[in-house]
Structures are given as C-alpha cells and as structure tokens.
Amino acid sequence: MGQFIKNYGSIILIGICILIAYILLTDVFGILSSFLFPSIFDVIKLVPDYISELFTGLKSSLYLLVTAYVLAVISAIAIGTLIGLKSGLRKNVTPYINAFSAIPVPLLTPYAINLFPTFKAASIFLIWLAAFWVILGTTIGAVMSIDKRYLETAATLEMPGIEKLFKIILPAASPAILVGCSIALTLSFMMLAVAEMFGATSGMAYFVQYYSDFARFDLVMLGFLFTAAVLVFIMYIFDKIKHRVLHWTINN
Amino acid sequence: MLEVSMNNLQFAYDKEPVLGGLDYQAKAGKFVCFLGQSGCGKSTLLRLVAGLEKSNSEQLLVGGKPVTGPSLDRPMVFQDYGLFPWMTAGENICLALKQKYKDWDKHKRREVALEWAKNLGLDEDLFDKLPMNLSGGQRQRFAVARAFALDAPLLLMDEPFGALDAVTKALLQDTVLDLWQKEKENRKTIFFVTHSVDEALLLATDIVVLGQAPSKIIYTHSFTDETKPKRETLYTDPEVLNLRNLLTKIINDEIVEKARRMKEGKAHANGGISKAKKSLFFLRKRAI
C-alpha cells in the first residue's frame, strides 16, 4: 500500500485537483455552461445504464485500433529500418516521405472510403496511416544514428544480416523507435474518432459522436471520461512494455 | 599466429592523406605496439587491418592474403569497451562464441565464456550483469575476454586501457601480457595501439613509432626475450630508461615539428591576407 501511494500518490492528487476544479466551475460557482459541462455527479449516475454500451463500443474500437496499430508498428519499423540502413534509398525516398506525411490524414477519408471495400477496412487504413508516418520517421532517424561502434563490433564478429538486425540494429535503435510508437499510439486514438465518424455502428468515438448529435452532453462527457480511462490504461501497459524493452538504458 | 605485411600502405579520408606509405612486416606471434601522437593514423592503421576501412589489396596482407573485410580471425578491442549495452556482459561473450563456434550449444558457450571471464579476473556474479552496472575496468575486462575467447590468430587492440585509472590499467596490462605469454608456441599476433611510451615498453616485443599524418614509420625497436622490459625494472634499468628517453624524444620532436609547420602555414596564410588588404586599399584609393 505504501509503495502504491509512493508510486501513484502524486498522480492521484493531480486528478483530484482537476476534479475539484471542475466541480467548482460547474456545481459550485456555475461559471461553465451546465448544458455543455454537466455536473460530474450527474454523469456518474449514468454509468450503470450505459456501461454495457460503452464496453461494446470499446470492443469495436479496440479491434480497429489494435489491428491498425500493430500493422503500423510492423510495417513502419520494417520499412524504416531498410530506409535507415540504405543511404541511397533514403536519399531517393525522403522527399516523397516528407510530401506524403505532410498530408493531414483526416483529409484522406473520402479516398479511403472509395479505395477500400468496407468502412471497417477504410477506418483501419486511416488509423494505420496516422501511426505509420510517425513510427517510420522515428525508425529512420533511430537506425541512421546508431552508434557506429555497435555496427563495427558486429562486423568484426561477422554477424549474419538477420541476426545483426534483431540482435544489434533494432535493440540499438529501440529507445528512439519506442518514443515514436508512444506518440503514434496517442495519434491512433485521435484518428479513431475520425475513423468512427463514418460507417461505424459502435465504438468509443461513435458513442461521443452519436450522443453529441442529440445534444446529450452528459453522455458525451461520460464517453470522454471512458475513452480517457481506456487511453490511460493502454498507455500504462505500453509504458510497462517499454520499460521492459529498455531496461538497459540509464533512464530506466 | 598471423604475419602481417604492409607494403607502401597508404590511406586517405576524403582525399586527406592519413597514412603516407608504411612498410612493415610483423612476424607471427609478436606483440606489436604502435606509438605516436594523436591523429597520426595509429587507429586508422588498426581499422585497415581489421577490415573496417578498405585498403589496396596489394598493400596490406594478413597471413599472406589481402584484407577484404572484417573477420572473426581479427577481433578488435575498442577504447570505449564496445560491449552491447542491451546484453549482459556474459551474453556479449556468448554472442561472439556463437558466431565462431556454430556447433556449440548454449551451455558450452556459457561454460567457455565464464572460463574466459575468470581468466580476466572477473567474478561469476558479474557475468549476468548489464554493462551499465559494471565499472569501466570490468567492462573492458569483458571486452578483452570476448576477444581472447574467440582464440583468433590476430588480436587488434585500439588504446584499450586509455580510459582506465592507473591501477586498473596496470592490472589489465599484466593480465593481457600473462594470457598472451601463456600461449607459448601458438601465441597470437597482437597489434596494440597506444600513445603511452611506458605501456609500449611494458607490453611490446616490437615497438613501431609513427610520424605525423600522412604518417610513415619513423622508428622501430624489437626486444628479445632477455631484453624485454619488466614492470619491476621499467623505471630502474638504464637501458630501458635510455630507450624511453629516445622514444619520448622522437615523439616530442615530431610534435615540435608539427607545431612549427602549423605556425609557418598560419604565417603564410596571414601574409596572403595582408597582401589582399593592400590590394584592396590601393583599389579604394584609385576609386577615390
């Protein structure tokens, strides 16, 4: 218990401060519009009635998110490593990467709907694309800046390509790659909202969008809180994995 | 146990010459120390022998064959440890053994790696620690253990003890020398780069002094088993003292010569600038 408070006490305290500030601005002083910013107590009362709907949405959202994110991690790390290692290839493709990655992904929604056979596939594509550019960029940078000593030591040990990739290149580049993966995860959540705006029949962002259309801002607030809680939980798991992978770095 | 021949060995980084034609034959089983001031190309020479830089195939032969790239027969110990920080110190040795002895199983690799760690004076409990949890001396011992464990005929060491404190350095010098001497007939050829005259005197069977870049060999000295200095007599034996003075003088003369050339170069450049200023003044005067 003591350890728990030591680890998370400050985090919980900040959360309580935000909550108190919200209660003061809404219930106590009524500074914020009660229509857009409902009382937190009213929102909590809605949980029993909508919890199953929220979890159905969670399942649907996670399917899109996990599929797109895992595909983005695999494809971006594979392509990024290749580009990072081959200077000739990097020189030729960098202008195109810069050009395409500058296009805001939400603007590609009509193209995604047109190109993919289902709305679900189009949604996965958009989330994938948002995560892909971030991980690709950080992977290229990370592989390019690997300490030369590691590569030279690997060379003197005559390590074959695949072994060198998994035992030297990727571990050496992993600190920077994981920073990209972390940013990409947050971005994927943002893109989920865009992706669920069309064609979806359930989902966390769909829940918010749907009740927003009916001006049910108490349920919108419930959707926000639920999504935030899920994101915090996923980021917590991600940090645990990151900590395990980077156990050898000084800051861990 | 490999011979190394350099025949007018030249090398340049982006047209900037580093090695200006080295001629040297290192006999098999010798402990050759390359001495010289910083930037004279000692490390570059070692990198060429390691195959980390490309050389002209005729100019550098190891065991009678041209160097075409890095090889397990020519492991290198770097000044800054060169251990992979994401693996434990023991795993670093095991990884090297895995590349060399493909048919060995995991247990055999660990057993041999442990033996080499112990040969370098490392306790078993350090074996499973990450490099970041080891001292500089311990890390370098593991790096040397990895190189020795490969049992290569030619070992390359690039200022391996340069970053260590005096006591750790002395202990490691003695350990490396012991390991090398123990091998008797099958002694490895060791190429050791250092800028310390004392270290070269203590370790080498052959000392090679390189001049300033583009460097050439400006002095060589070979010891016999009888004349090779020992730590106990390093600061008392008159012959060793004379040799140390000579080596120090040769290196210092090179430094003085380099400083003189730089000064001359600067003066020449400044002369050029004054001339240009005068011309500008003349042009302005005419314009007025």
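Quick caveat, the model's predicted, so the values are computed rather than measured. Every chain is numbered independently, its residues counted from 1 as its sequence is written. Working convention: letters from A go to chains and numbers from 1 go to ligands, in the order in which they are written. Since the coordinates come from a predicted model, pLDDT governs what is reported: local features require at least 70, and pairs of side-chain atoms require 80 or more to be given and counted, while whole-chain, interface and lining totals use all residues.

On to the overall build of chain B, then. Secondary structure counts use DSSP, requiring at least four H or I residues in a row for a helix and at least two E residues in a row for a strand, with both numbered from the N terminus. Counting its regular elements, chain B contains eight helices and ten strands. By principal-axis analysis of the C-alpha atoms, chain B measures approximately 90 × 45 × 40 Å. Across chain B, contacts joining residues at least 24 apart in sequence account for 71% of those joining residues at least 6 apart. Any residue pair is listed as a contact if its two C-beta atoms, each placed from the backbone, are within 7 Å.

Turning our eyes to something else, we now look at the interface of chain A and chain B. Contacts between the two partners involve 14 residues from chain A, matched on the other side by 19 residues from chain B. Elements represented by at least two residues in the side of chain A that touches chain B include exactly α7 (148–156) and α8 (161–195) of chain A. By residue number, the principal contributor to the side of chain A that touches chain B is α7 of chain A, which donates six residues.

All names here are of chain A. Inter-axis angles, ranging from 0 to 180 degrees, are taken between N-to-C directions of lines fitted to C-alpha atoms, where helices are fitted over the stretch in contact. With their axes 7 Å apart at the nearest point, helix α3 (residues 47–85) and helix α6 (residues 119–144) run at an angle of 30° to one another. The angle between the axes of α3 and α6 places the two elements in the roughly parallel class. Judged by the twist between their axes, the crossing of α3 over α6 is right-handed. Of the residues in the contact of α3 with α6, the class split is 22 nonpolar, seven polar and no charged. Oblique is the label for any angle not covered by the other classes, which are roughly parallel (under 35 degrees), roughly antiparallel (over 145) and roughly perpendicular (65 to 115). Crossing chirality is assigned from the near helix's rotation relative to the far helix, an anticlockwise turn below a right angle marking it left-handed and a clockwise turn marking it right-handed. Note on residue categories: nonpolar means Ala, Val, Leu, Ile, Met, Phe, Trp, Tyr, Cys or Pro, charged means Asp, Glu, Lys or Arg, and polar means any other residue, Gly included.

What follows covers the sheet that holds strand β9 (residues 206–210) of chain B. What holds strands together in a sheet is hydrogen bonding between their backbones, with the strands either parallel or antiparallel. Residue and element names in this part refer to chain B. If you trace the six strands from one edge of the open sheet to the other, you get β6-β7-β8-β3-β9-β10, paired in mixed fashion. What marks the edges here is a single partner per strand, and that holds for β6 (76–77) and β10 (217–222). One requirement defines pairing of two strands: DSSP has to find at least two bridges between them. Across five bridges, β9 lies against β10 in antiparallel orientation. Each bridged residue has a counterpart across the sheet, and for Leu-210 the counterpart in β10 is Ile-217.

This brings us to the packing of helix α5 (residues 136–149) of chain B against helix α6 (residues 166–182) of chain B. Residues and elements named next belong to chain B. In contact at an axis separation of 11 Å, α5 and α6 are set at 15° when each is read in the N-to-C sense. It follows from the interaxial angle that α5 and α6 lie roughly parallel. Read as a crossing pair, α5 and α6 show a hand that is right-handed. For the pair formed by α5 and α6, the contact residues are Gly-137, Gln-140, Arg-141, Val-144 and Phe-148 on the first element and Thr-168, Leu-172, Val-176 and Leu-179 on the second. Of the residues that constitute the contact of α5 with α6, the class distribution is five nonpolar, three polar and one charged.

Quick look at the pairing of strand β2 (residues 16–26) of chain B now. Bridge analysis of strand β1 (residues 4–13) of chain B against β2 of chain B gives eight bridges, and the strand direction is antiparallel. The partner of Ser-5 of chain B across the bridge, within β2 of chain B, is Gln-25 of chain B.

Read from one edge of the open sheet, four strands run β2-β1-β4-β5 (chain B), paired in antiparallel fashion. Because the sheet does not close on itself, it has two edges, and the strands there are β2 and β5 (65–66) of chain B.

For the rest of this paragraph, the subject is unusual backbone geometry. In terms of backbone geometry, most residues other than glycine have negative phi values and most peptide bonds are trans. Residues and elements named next belong to chain A. The backbone phi angle of Glu-158 is positive, close to 50°, even though this residue is not glycine. Its location among the elements puts Glu-158 in the loop between α7 and α8. Positive phi outside glycine occurs at Ala-215, with the angle close to 55°. Here Ala-215 lies in the loop between α9 (204–213) and α10 (217–245).

Before going further, it helps to spend a moment on α6 of chain B. Along an α-helix, a turn takes 3.6 residues, which lines up residues three or four apart on a common side. All names here are of chain B. Multiplying 1.5 Å by the residue count of a helix minus one yields the expected span of that helix. Its 17 residues place the ends of α6 24 Å apart at the C-alpha level, agreeing with the 24 Å of an ideal helix rising 1.5 Å per residue. Note on burial: count the other C-beta atoms lying within 10 Å of the residue's C-beta; 20 or more is buried, 12 or fewer is exposed, in between is partly exposed, and C-beta positions come from the backbone. Along α6, the residues that are buried comprise Gln-173, Val-176 and Trp-180. One face of α6 carries all of its buried residues, which in axial projection span an arc of 70°. In α6, those exposed residues whose orientation departs by more than 90 degrees from the buried face are Val-167, Asp-178, Gln-181 and Lys-182. The inward-facing, buried residues of α6 abut β3 (31–35), α5, β8 (189–194) and α7 (197–203). Phi for Lys-184, located one or two positions after α6, is positive at around 45°. In this description, one arc is meant: the one made by directions from the helix axis to the C-beta atoms.

Moving on, we get to the domain arrangement of chain B. Residues and elements named next belong to chain B. What marks off one domain from the next here is an automatic or database domain assignment. Here chain B is described as being made up of domain 1 (4–75 + 152–257) and domain 2 (86–150). Just the C-alpha atoms count here: the centres of domain 1 and domain 2 sit 25 Å apart. Across the boundary between the two partners, domain 1 contributes 13 residues, which contact 13 residues of domain 2. Tallying contributions element by element places α6 first for the side of domain 1 that touches domain 2, with five residues. Tallied by class, the residues present in the side of domain 1 that touches domain 2 amount to eleven nonpolar, two polar and no charged.

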